[in-house]
Each structure stands twice: as structure tokens, then as C-alpha cells.
Amino acid sequence: MSYDQSAMNELHWLIDMVQTIEVGLVVLDRNFDIQLWNGFMENHSGVSPNSIKGSNLFEQFDYLPASWLKQKMESVFLLKNRAFISWEQRPYVFKFKNYRPITGRADFMYQNVTLLPLSSLTGQITHISLIVYDVTDVAINKLQLKAANERLEHLSQTDGLTQLHNRRHWQMCMQKEFDRHSRYGDKTSLVMFDIDHFKKINDNYGHLAGDKVIQHISHLLKQSLRETDCAGRYGGEEFSVVLAHTCAKGALNFADRLRKKIEKSELVFEKETIKVTVSMGISDINDQLENSGQWLAYADRALYQAKESGRNNCVIYDQDSAE
Ligand SMILES: Nc1nc2c(ncn2[C@@H]2O[C@H](COP(=O)(O)OP(=O)(O)OP(=O)(O)O)[C@@H](O)[C@H]2O)c(=O)[nH]1
């Protein structure tokens, strides 16, 4: 075979490969007019190379983010460097449907795109090439993994019965607020509260009714919270709330409003009307506190006092009367 024949063969094969390769190939001139449009682009866009050649990319596909994409392409022309567009930055450049069986749940094809400068025989960059990769499988797997991790993280931080923060996560929030106070001196308060005579509810109506009461209280608590508050189920029938930017007096307002709301409310369980009350202990942060554990212990002592003084009331921890 002569050298010419061999070169012709190579060229023929290359053209065949460009047409059939499972990657999109597009060549654009300086005006963004399309010079090459391979089989992959034809199959996914439904537009044949013959009908698209010579037409302007942005007129042909008016959904393209023209100014953003032109800016990227201009930098390839000017700097003679490659540029990349990742699916994480923009899920797709060309709006192609996704037909993959495994990732059939995606409506469109996720794409990575490489922009490549193409030089003429004189070394000038007269054209650029777009190489479009279908990365739907990778993208969907990554997105599913991310969603699963987020679900797991939520589960690991949430109490199953009430959907409040669980004790471990709530304690982390409390520590953060304590640290914030140490740095910025914000007023912050802690409220611990506990359902009164809860054992009797379980004994009289059964454990399931007890669970419903816990859920009912959580629901009323959630209704009373501000965005910056952090509420948790501290233990069985004990709840804890960190009130950011709130002094002890403000916390007493919050606590007493919630206490009255709970006292007034009724829960109907299997035709029985159940009424409960709660006792609450409040402690605000002050500079004498050595650590967050002490803050919590003070709120707990105030809760104990609230129980001792007859229940269904709120008590602010008072350092002087405690000593
Ligand atoms: N139904 C139900 N009961 C729980 C749960 N967690 C703890 N308890 C019960 O809550 C009761 C708490 O009883 P105590 O600690 O004696 O307190 P109390 O009866 O509320 O009395 P005071 O707090 O002194 O007013 C116990 O009987 C626990 O079994 C739970 O998730 N569901």
C-alpha cells in the first residue's frame, strides 16, 4: 500500500470515528457559526449536519446561555487555552433528553464540555471545538449519594418520635451558642422543661397515649419557636431549648406563653381527653459560667425548683438564692 493510500485510509477511519464516537464534537468559527456537527450531536439534537452547517450556534439554539458561553469561548480564542464546563457548574449546555436505561429518572443528559482552541496552518486560532461528554450516570450517582448522605445526616440529628433535634445534636447547638457568647457576649438563654406527672399518663392511658402526648407537646413547642432558636428532645419527656439573643426575662416570657398554651390544650386519644402541664427551668448565660455543662445544670436546678414549688410554672435560676 502506498503512503498516500495509507494516509487516505487513516483519514477515512478518523472521519468515521468522529461520526460514530459516543461523544459530541462541534467546531465553531470566530463568529460561532457551526462548521462540524458529528453523529452524536445529530442523534441527540435531531438536527442533521447538513442542515446546521454554517448556521450560528446561538441562533440555532436560543436557550443557550449566550453571554456566559460566549465569554468562555472568547477566552479560548484569546488565551489559546482549553476551558471546561462541568455538570456541577451547569448541568448541561445542550438540552438533550436522557435515554439511558439505568439513569432513566433524569429528564435530561448531564454534560461535561471541553472547549478546545483549533489552530490553522499559520498557527492562528481560527476555530474552537466543543467536546460534549454524556456524564448522566456519574452525575445521578453522585446526586443520589449526596441526597442519601443528607438524609442520613438528618436522621442522625433528629429524634424519631418528635422530629426535634436529638439530645446529641441539641447539645452541639447549645455548645455553639455558648461559644458564640464567649466570643461576642450575646445574651442567650436556656429553657429545660418536663411534662408533669407523666408517669401517670402512661399508667392511666397506656404508653401509646404517652407517645402522642410527647408529640403533641413537641408540636406546640415548634409553633412557638423563632428561626434562631434550637429545640431538642433531651430525654423521655424532657425538652430543651436554646433561645438566641434572649435574656432571662425574655426567656421567661417565651416559657410562660408556651406553658399556658400547653395547659389550655387538649389531646383526644381513643375518645379520652388528655390534659397535661409542664414545669420549666430557665438559665441565661453570664460571665461567671465556667462551661456549657454548668449552664445546663443551672437550668436543670431551676426546673427542679419549679417541680418542688408545685409544678405547672416557670422558674429562673437564681445564683444568690442557690448559694
Ligand atoms: N410514653 C412514653 N413514656 C416515656 C418516654 N420516655 C420516658 N417515658 C416515661 O416518662 C415517665 C417519667 O416519669 P418520672 O421521671 O417519674 O416523672 P413524672 O411522672 O413526669 O413526674 P414529674 O416529672 O416529677 O412531674 C416514666 O414513666 C418513663 O417511662 C417515651 O418516649 N414515651
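Note that the structure is predicted; figures quoted are calculated from it, not measured.

### What about unusual backbone geometry?
Okay, so step 1: Phi angles above zero are rare outside glycine, and Glu270 is one such case at about 45°.
Okay, so step 2: Note that Glu270 resides in the loop between strand 9 (267-269) and strand 10 (272-274).
Okay, so step 3: Using a count of 10 C-beta atoms within 10 Å as the deciding quantity, one classes Glu270 as exposed.

### Description of the sheet that holds strand 3 (residues 83-85)
Okay, so step 1: Taken in spatial order, the 5 strands line up as 2-1-5-4-3 in an open sheet, and their pairing is antiparallel. The outermost strands of the open sheet, each flanked by one partner alone, are strand 2 (34-37) and strand 3. Adjacent strand axes in the sheet meet at a mean angle of 20°, parallel and antiparallel pairs treated alike.
Okay, so step 2: Here 3 bridges tie strand 1 (residues 24-29) to strand 2, and the two strands are oriented antiparallel to one another. Each residue of the ladder has a partner; that of Val27, found in strand 2, is Leu36.

### With respect to the sheet that holds strand 8 (residues 238-244)
Okay, so step 1: Within the open sheet, the 5 strands sit side by side as 7-8-6-11-12. Their pairing is mixed. Looking at which strands have only one partner, the edges of the open sheet turn out to be strand 7 (230-235) and strand 12 (314-316). Between one strand and the next, the sheet's axes are offset by a mean angle of 20°, whatever the strand orientation.
Okay, so step 2: Pairing geometry for strand 6 (residues 188-195) and strand 8, over 7 bridges, is antiparallel. Within the sheet, the bridge partner assigned to Ser189 lies in strand 8 and is Leu243.
Okay, so step 3: Across the sheet, helix 10 (residues 248-264) is in contact with strand 6, strand 8, strand 11 (278-284) and strand 12; its angle to strand 11 comes to roughly 170°.

### Structural notes on the pairing of strand 5 (residues 125-134)
Okay, so step 1: As defined by bridge partners, strand 1 adjoins strand 5 across 6 bridges and the pair is classed as antiparallel. For Val27, the partnering residue across the bridge sits in strand 5 and is Ser129.
Okay, so step 2: Pairing of strand 4 (residues 111-119) with strand 5, which is carried by 9 bridges, proceeds in the antiparallel orientation. Looking at strand 5, one finds that Leu115 is bridged to Leu130.
Okay, so step 3: In textbook terms, the turn of a hairpin is the stretch between consecutive antiparallel strands, and for strand 4 and strand 5 this stretch comprises 5 residues, one of which, Gly123, has a positive phi near 90°.

### Section: the site of the ligand
Okay, so step 1: Around the ligand there are 16 residues in total, and Asp196, Phe198, Lys199, Gly210 and Gly236 lie nearest to it.
Okay, so step 2: Counting only elements with at least two residues in the shell around the ligand, the list comes to strand 6, helix 8 (198-205) and helix 9 (207-224).
Okay, so step 3: A total of 4 residues in the shell around the ligand trace back to one element, the largest contributor, which is helix 9.
Okay, so step 4: The residue inventory of the shell around the ligand, partitioned by class, reads 4 nonpolar, 5 polar and 7 charged.

### Thoughts on the domain arrangement of the chain
Okay, so step 1: Domains assigned within the chain are domain 1 (3-143) and domain 2 (158-322).
Okay, so step 2: Put simply, the middle of domain 1 and the middle of domain 2, counted by C-alpha atoms, are 59 Å apart.

### Focus on the confidence of the model for the chain
Okay, so step 1: Taken over all residues, the pLDDT of the chain has a mean of 93, while the share at 70 or more is 97%.
Okay, so step 2: Here the prediction assigns the complex a pTM of 0.75, and the interface score ipTM is 0.92.

### Some details on the packing of helix 8 against helix 9
Okay, so step 1: One can describe the packing of helix 8 onto helix 9 by two numbers: an axis separation of 6 Å at closest approach and a directional angle of 135°. Here helix 8 is positioned oblique relative to helix 9, judged by the angle of their axes. Judged by residue contacts, Phe198, Ile201, Asn202 and Tyr205 of helix 8 engage His207, Ala209, Gly210 and Val213 from helix 9.
Okay, so step 2: When grouped by side-chain class, the residues that make up the contact of helix 8 with helix 9 number 5 nonpolar, 3 polar and no charged.

### Focus on the packing of helix 7 (residues 167-184) against helix 11 (residues 292-308)
Okay, so step 1: The contact between helix 7 and helix 11 brings their axes to 10 Å, and the two run at 110°. Relative to helix 11, helix 7 is oriented roughly perpendicular. Crossing handedness for the pair helix 7 and helix 11: right-handed. Contacts from Met174, Gln175 and Phe178 of helix 7 reach helix 11 at Ser292, Trp295 and Leu296.
Okay, so step 2: Looking at the contact of helix 7 with helix 11, its residues break down into 4 nonpolar, 2 polar and no charged.

About the criteria used
- Residues numbered from 1 in each chain as written.
- Predicted model: local features only at pLDDT ≥ 70, side-chain atom pairs only at ≥ 80, totals over all residues.
- Helix = DSSP H or I, 4+ residues; strand = E, 2+ residues; numbered from the N terminus.
- Buried ≥ 20, exposed ≤ 12 C-beta atoms within 10 Å, placed from the backbone.
- Pairing = 2+ DSSP bridges.
- Axes fitted to C-alpha atoms, helices over the stretch in contact; angles between N-to-C directions.
- Contact = placed C-beta atoms within 7 Å.
- Near = placed C-beta within 6 Å.
- Nonpolar A, V, L, I, M, F, W, Y, C, P; charged D, E, K, R; others polar.
- Domains from an automatic or database assignment.
- pLDDT = per-residue confidence, 0-100.
- Parallel < 35°, antiparallel > 145°, perpendicular 65-115°, else oblique.
- Left-handed = near helix turned anticlockwise from the far one by under 90°.

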